[in-house]
Every structure is written in structure tokens, then in C-alpha cells.
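Architecture and fold: a report
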Amino acid sequence: MAKIGIEKILLLTFFIVMLYLGPGILFDHKIKHDFPFAYGASDAFQHQVRTEAIKDIGNRFEAPYIVKGFKDFVIIYPPVMYQLAIMLSYSSGLEIYDAIYFVVVFFAVIAALIMYFVIKEFNKTVAILSLPLSILIFSFPASTGFLWGHWPSVLSQSFVVLVFWSILRREIKHSFILIAIAISATALTHTSETIFAIIFMAIFFGLRLAFKKLTKREFINMALAGMIFLIISFYYLVIFINTWAVKQPFVFAVQPLWDGNPGFYIAGFGLLLIPIAIGLIFSISEIKALHVAIIAPIVMLIGSYMNYIGFEVRSFQLRFFWPIYLSFFLGFGIYATSKFAIKKWNLMYASASFIILLVLFSGIVKFPALMQTDIQTIPYIPYLNRETSPGLMSPFHWESLSWIRDNTPKDATVYFFYGDIYSQDAVLRNTKRIHQQVDPEDFVKALQERKIKKEYITEFPGDTAGSFYQRPSFFHFTSPDLPSGFNFGLKSICNFDYYVFDKVSRQNVLAQYNLLIANEMLKKGAEVVFENEAVVVLKSNNVGGDCIEEGNF
Amino acid sequence: MLEEIVLKKEIFDIKELKYLGILFLLALTAFKIAFFRENSIVLLRSVVAIFWLFVVPGYFLMLYWKNNLDFIERTVAGIGISAAIIGIFSYYISLAGLNLRFHAIVLPLIMIFAGVIINLKKLD
């Protein structure tokens, strides 16, 4: 009978605990849900809807309901996440909204395990001590990466960890293939992480050159990896260079805080900063060892602070994975300082420490906050601090969006009046219909003036981060000029086929105003085609005609 | 003769295939614990899908480095490598016109086949 090593038991324990406390809590301990579950912001729905669209119509063009009705706008988002989600959906029978979220979360867990093997090559005890910290990618604020839909960045960072591993294993035969595949995956998942992966490789091999340890074989391997990467990624890089790189060019700027977002700041590690700092100091002293396990976290730490030189959101996104990247410092710091007490670490000591750390981070013991600042809560020791939440979507809203998707003509147009969640406008694309929505400010203003109007200021929501591209030829991209008032302006509400009214709202008066408008439309010939506890959908029988009597109430 | 070579332990390490089987059962157990509210059939389908798309293709591709890396590391890294290859090539064959519904069948099969062939050539 094969000997079951303690290490394997620890890895299995970690995998189970991380699955349970991470995606387990996130998804209410289910994989399949009746609606998009734990979706916390518009971006999450943006990726979910795009995946649905690719599943329906393929990879070349955005679905019209994503890009304001246009049919020839190219998809400029990197494709890998969407492809993986579609294949998992087909294989497992899961809905896209479950499959895509699961892909992102699952590979974050795998990244933690891959990082273990990177660190293990340096020192097995340090690797065991490092592993538990990874669990904190599911704690607030790092978990924002999952909840708010920073999914391409999170998945790409999982592939960045694979880059670390492939560089660690650069000595094995034909390793350049593994390196090329890993870097290409970052580029085709979220290209900004490729920049950080390249920075890591540049620093790693630059140091090897400086210390006269760079071999000819390494040089050839990296050259081959680079060539294969360019071949694999060429098609998408042409899109990236002509779209994202144009509309989000690098601009030097100092941005200490991530405005409007619950960013992860270093003080969020609380008292763990002590062993982490010790680990960092010892790492720098060991830098001549030129080990991937030492250099990778140093580079990613530097990368996470490049928001001070213009990398803005891309640096803040790296911090979602701080519990993985910086885990080496924690493990090394504990290992190095405890050497005074424990002369010789063995697997039993390491295992006991592993269990203790896992318990500390799991949230079983809820430590008080050390300090509250304007920016963050600084803990004594960070721990998993999130409860299950269904997120933005409710079963009633999902039912109404699905009804429109399944029961209206494909070219129908939809107008959304006020809804608490509709400001996260990617939600609305789940109708798979061209849609527009009332501007909440104008809606409130009309309510305050006690007016029923035919024209409201209306937003025409859409994606690709606000700009669209056509592709007349392989290297040529154009961004069409849209007429003034197309995206946002005063529009008649009588030009739509369907109208959506929320019957409930956190501010009841807004829902009541919704229903007042709906009733006026019913008097003019509209009919109720769908209704549940939260939403009513009307169908216009006079599109373009007189759909509502203006007046005061 | 090809059959004899393929069935040799050096290519198909029966012990490692057993480990894959054990890994599947452990993964199923882990999923059952983590997602205890989920229907068993859904869990089974999900784990089978993960193994079909990522674990098994990754294992066969990484067989080439069997002498350099131990089973666990090879399998875990193989999951990432498989995801990378499948994600990238699914994009390109989709652009080429193959309907996405077939990718989940075709791509893992190609990768498993490629892994076996590469290993055969290595032995030759």
C-alpha cells in the first residue's frame, strides 16, 4: 500500500478548507443557482452576458444588445475566460452565470496550490507555513475581485502564478513551451497582467545576468518562448494594441487610493505585517540565491505599488492576490524568526503551525479590529470575514429579465424605468434586447415636480468600456462617431415595445411613481404581459404613437 | 507492436492512472463537503467536467515531464496548462468556424491524444 505522506494530507486539507470557506461561502455551498448568485456589481454581469452572447453568436462581434444595437462592433475583450466558461457550461450543464464565476474562483484556488510548489522548491517548511495565507483572497477587501467582477484580472493572475512555476521549471526539457503557454494565457485573459509577468521575467533574468548566472540555454529558451508567445497571441495583440492601448494609454499619475473601490492596503494584514516584513528582509538578504520564490513576490509587491507611477487600477487589481503573492514572506518570516526557538523544523512542527494558521485565518476566532481609519479597518489578524450574500440580483428581477428574453421578439426594444439595481446597467443586458433606461436624476426631478411626461432624459447603456470599434481590415480599427444625444439625452418613451417598472424600491415613493406612469400607459392602450412580486412589464400597442397623457398628479 | 508499446508501463503508468482515480474520488469528496447543499448529480457532473476539461488532458500533456516532476506537482500544474491551452485554442477554432458546443469534446480529446503521441515519440 502506497505511503500517504503528511504533505499530501496537508494539501488535501487546504484544498477542502479553501473550497469550503472560499467558493463554498461565496456560493452558499451550492454550485448551481436559480439566478446569478453573489454578483455584486455591473462588471460581473458584463462578463456573464458577454459569455452568453459568445455562446449564442460566436467570438467575432459583440451582441447588438451589448453595444447599443450595432451589429458589427468587434469584441475587444481578451477571450480565454469566456471560452473556459462556455466549455464548462456545456460539459457540466451549469448555466453560464454559474460556470463563469466558478472558473474564476476555482483557478484562484489552483493558483494557491501552484504557488505552494514554487515555494516548496525553495524550502518545504516555508511552503507549508505560507499556504494558509492564500485563503484570505476570499476575505474582504481582497474578495472584491470576485464580487465586483474583476474576473479577467483575477483569472489572468492565476496564469501569472503559472508563469512563475514555468520559470521555476525552466531547466526541464522544452520548458519554453510551458513558459510560452503560460504567458500567452495571461495575454489572452487580461493583458495588463502580461506586463507584470514580463516585468518579473525581465527582473529575474536581469538579476541572473548581473550575477553572471544567466546561461546560454536559458537565453535560448526565453527567446523561443517569446517567439511562440508572439505567434499564439498575435491575433489578439493586434486587437489590443489598436483598441485598449489607444483608449487607455499609459499616463504618469500618482494615485494613492483606489477611488470608489474598497481597495486592499498593506495595513490590512494587521499584525501579520511583522512576520511579512521579516520575511521580506530575509528575502532581500537571500536575493543572490535568485530563486523564483523570492523574486516573484518582491516583483509583485513592487507592481502593486505602481499606482504611484501611473498603473492606477492595474496595480490595485494585483492586490487581490496579495495573500498568494506575499504568502512566501509570511512563511519565510515565521520560519526565520522561529529558528531561535526551533533549531530544526520537522514536518510535525510545520503541520501543527499550518493548522494553527488555518484556524486563525478561517474566521473561527473573530479577532477585534486594531484600528479604524477613513480608508480601511485594520485588523489584529485578518481572517475570512464575509458572509454569504445573493448579491445584486433577486429571483424576481431574474424572472422578469428572463421572461423578456424568452417571450419577446428578438428585435424588440425595452425601456427600463427606475429600479434600485438598474444603475448597474449590465444587469439589463440579460434581456438580450436593445434597451434604454430612464436617468434617475431626471426621474426624481419629474417626481418632485409631480409631472407625468412623455419625454425623460434617457441613457442608452452599453459596453466595451464606453467605446466601440469596427474592423474594416485586419490591422485597421475605427471608432464610429455617434450622433449627439445618442448615448444620453431627452427621448420620447413612446418609441419602445416593452416597459419595465419595479414595483418595490428601497425608496417606496420611486416605486409608486413607477406604477403611476404604468397606469397612465395602461389607459392609453398598453397591456400587462408579465408581473411578479417585484416587477411589471407592459407591452406597447402603439409604438411611436401617443402612449401616455402628460400632466400633473 | 504499437499496442505493446502503448501498454508498456513507461507510457501508461498504471499506478498513476490509479492515482488519478483516487484524485477524482478525493475531489468529489472535497466538493461534497464544500458544496454540501448541492445535489449529488450536479456535483458529480461538475467534477467530471473539471476532470475532463482540465485534469485529464493536463495529466497526459505533462506526462512528457514525468521523470522531472512528481505526480502531484505535474497534475496541479497540468490543470493550469490545460486551461491555458483549451482557452486559447478554443478562441481560435471558434474564429475558424467550429461551433463552440463541440469544443469541450474535441479539445480535451486532442490534448489527450497529443500527450500520448508525444510520450510515444519520446520513448522511441
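Residues numbered from 1 in each chain as written. Chains lettered and ligands numbered in written order. Predicted model: local features only at pLDDT ≥ 70, side-chain atom pairs only at ≥ 80, totals over all residues. Heavy atoms only, no water.

**Focus: the pattern of salt bridges**
Quick note on the threshold: Salt bridges are counted wherever a side-chain nitrogen of Lys or Arg sits within 4 Å of a carboxyl oxygen of Asp or Glu. To qualify as a helix, a DSSP run of H or I must reach at least 4 residues; to qualify as a strand, a run of E must reach at least 2; elements of each kind are numbered from the N terminus. The cut-offs for exposure are 20% and 50% of the maximum accessible area for each residue type, with area from a 1.4 Å probe on protein chains only; residues under the lower value are buried, those over the upper are exposed, and the others partly exposed.
According to the stated counting rule, one finds 22 salt bridges over all chains in the structure shown. A salt bridge links B:D70 to A:K120; its shortest N-O distance comes to 4.0 Å. Highlighted residues: B:D70 in the loop between α3 (40-62) and α4 (71-96) and A:K120 in helix α4 (residues 96-120), drawn from two different chains. The closest approach of N and O atoms between A:R169 and B:E73, which form a salt bridge, is 2.8 Å. Of the two residues, A:R169 is situated in the loop between α7 (151-168) and α8 (175-187) and B:E73 in helix α4; the pairing between them involves two chains. Taking relative accessible area as the criterion, B:E73 reaches 6% and is therefore assigned buried.

**Regarding the state of the cysteines**
Residue and element names in this part refer to chain A. Note the threshold: Disulfides are defined in this document as cysteine sulfur pairs within 2.5 Å.
Enumeration according to the criterion identifies one disulfide over all chains in this entry. The disulfide that involves C494 links it to C547, with 2.0 Å between the sulfurs. Around the S-S axis, the bridge from C494 to C547 shows a dihedral of about -70° and counts as left-handed. Taken together, the residues span a long stretch of sequence, with C494 in the loop between β9 (488-492) and β10 (498-502) and C547 in the loop between β12 (535-539) and β13 (551-552) at a distance of 53 residues. Each member of the pair, C494 as well as C547, carries the same accessibility label: buried.

**Quick notes on the sheet that holds strand β6 (residues 455-459) of chain A**
Residues and elements named next belong to chain A. Operational definition: For two strands to be treated as a pair, DSSP must find at least two bridges joining them. Under this scheme, a helix contributes an axis fitted over its contacting stretch, all axes are lines through C-alpha atoms, and angles between N-to-C directions fall in the 0 to 180 degree range.
With respect to topology, seven strands assemble into an open sheet ordered β9-β6-β4-β3-β10-β12-β11, the strand pairing being mixed. Edge positions in the open sheet fall to β9 and β11 (527-531), since each of these has one partner strand only. Strand after strand, the sheet turns through a mean of 35° between neighbouring axes, direction not considered. Two strands pair when backbone bridges link them, and strand β4 (residues 434-438) and β6 are joined in this way by two bridges, in the antiparallel orientation. Within the sheet, the bridge partner assigned to Q437 lies in β6 and is E459.

**Side note on the environment of B:G87**
Relative to the helices and strands, B:G87 resides in helix α4. A sequence separation of 20 residues divides B:G87 from B:L107, and the C-alpha atoms of the two residues are 9.6 Å apart.

**Focus: helix α2 (residues 14-34) of chain B**
Every α-helix carries 3.6 residues per turn, so stepping three or four residues along brings you back to the same face. To keep it simple, the criterion reads: How far a helix is expected to stretch is found by multiplying one less than its residue total by 1.5 Å. Each C-beta atom gives one direction from the helix axis, and the arc is the one those directions make. Here, two residues are considered to be in contact whenever any of their heavy atoms come within 4.5 Å of each other.
An ideal rise of 1.5 Å per residue puts 30 Å on 21 residues; α2(B) measures up with 30 Å between its terminal C-alpha atoms. Within α2(B) the residues assigned to the buried category are B:E16, B:L20, B:F24, B:A27, B:A30, B:F31 and B:A34. End-on, the buried residues of α2(B) take up no more than an arc of 130°, which puts them together on one face. Pointing more than 90 degrees away from the buried face of α2(B) are the exposed residues B:K15, B:K18 and B:L25. Looking at the buried residues of α2(B), the elements they touch are α1 (6-26) and α4 of chain A together with α3 and α4 of chain B.

**A short note on the packing of aromatic side chains**
Condition: When two rings of Phe, Tyr or Trp (its six-membered ring) have centres within 6.5 Å they constitute a pair, described as stacked for plane angles under 30 degrees, edge-to-face for angles over 60, and tilted for the intermediate range. Our definition puts a charge over a ring when NZ of Lys or CZ of Arg is within 6 Å of the ring centre and also within 35 degrees of the ring normal.
The final tally for this structure, using the stated rule, is 68 aromatic pairs over all chains. Of the aromatic side chains, those joined through ring pairs into one cluster are A:F102, A:F106, A:F107, B:F31, B:F35 and B:F54. Lying across the ring of A:Y77, A:R50 places its NZ or CZ 3.9 Å from the centre. Sitting over the face of the ring of A:Y90, A:K55 holds its NZ or CZ atom 4.7 Å from the ring centroid.

**Some details on the domain arrangement of chain A**
Residues and elements named next belong to chain A. Keep this limit in mind: Residue ranges for the domains originate in an automatic or database domain assignment. Buried area is a sum: the accessible area each of two parts loses on coming together, probed at 1.4 Å, counted once for each and added. Think of a polar contact as two N or O atoms within 3.5 Å of one another; within protein, one of them needs to be a possible hydrogen donor and the other a possible acceptor, and neighboring residues in sequence only count if both atoms come from side chains.
In terms of domain boundaries, chain A breaks down into domain 1 (6-30 + 76-379) and domain 2 (395-552). Placing the centre of domain 1 and that of domain 2 at their C-alpha centroids yields a distance of 41 Å. Every contact between the two is made by eleven residues of domain 1 and, on the other side, ten residues of domain 2. A buried area of about 970 Å², summed over both sides, lies between domain 1 and domain 2, and 69% of it is on carbon and sulfur atoms. Our enumeration of links across domain 1 and domain 2 arrives at one residue pair in polar contact (both at pLDDT 80 or more).

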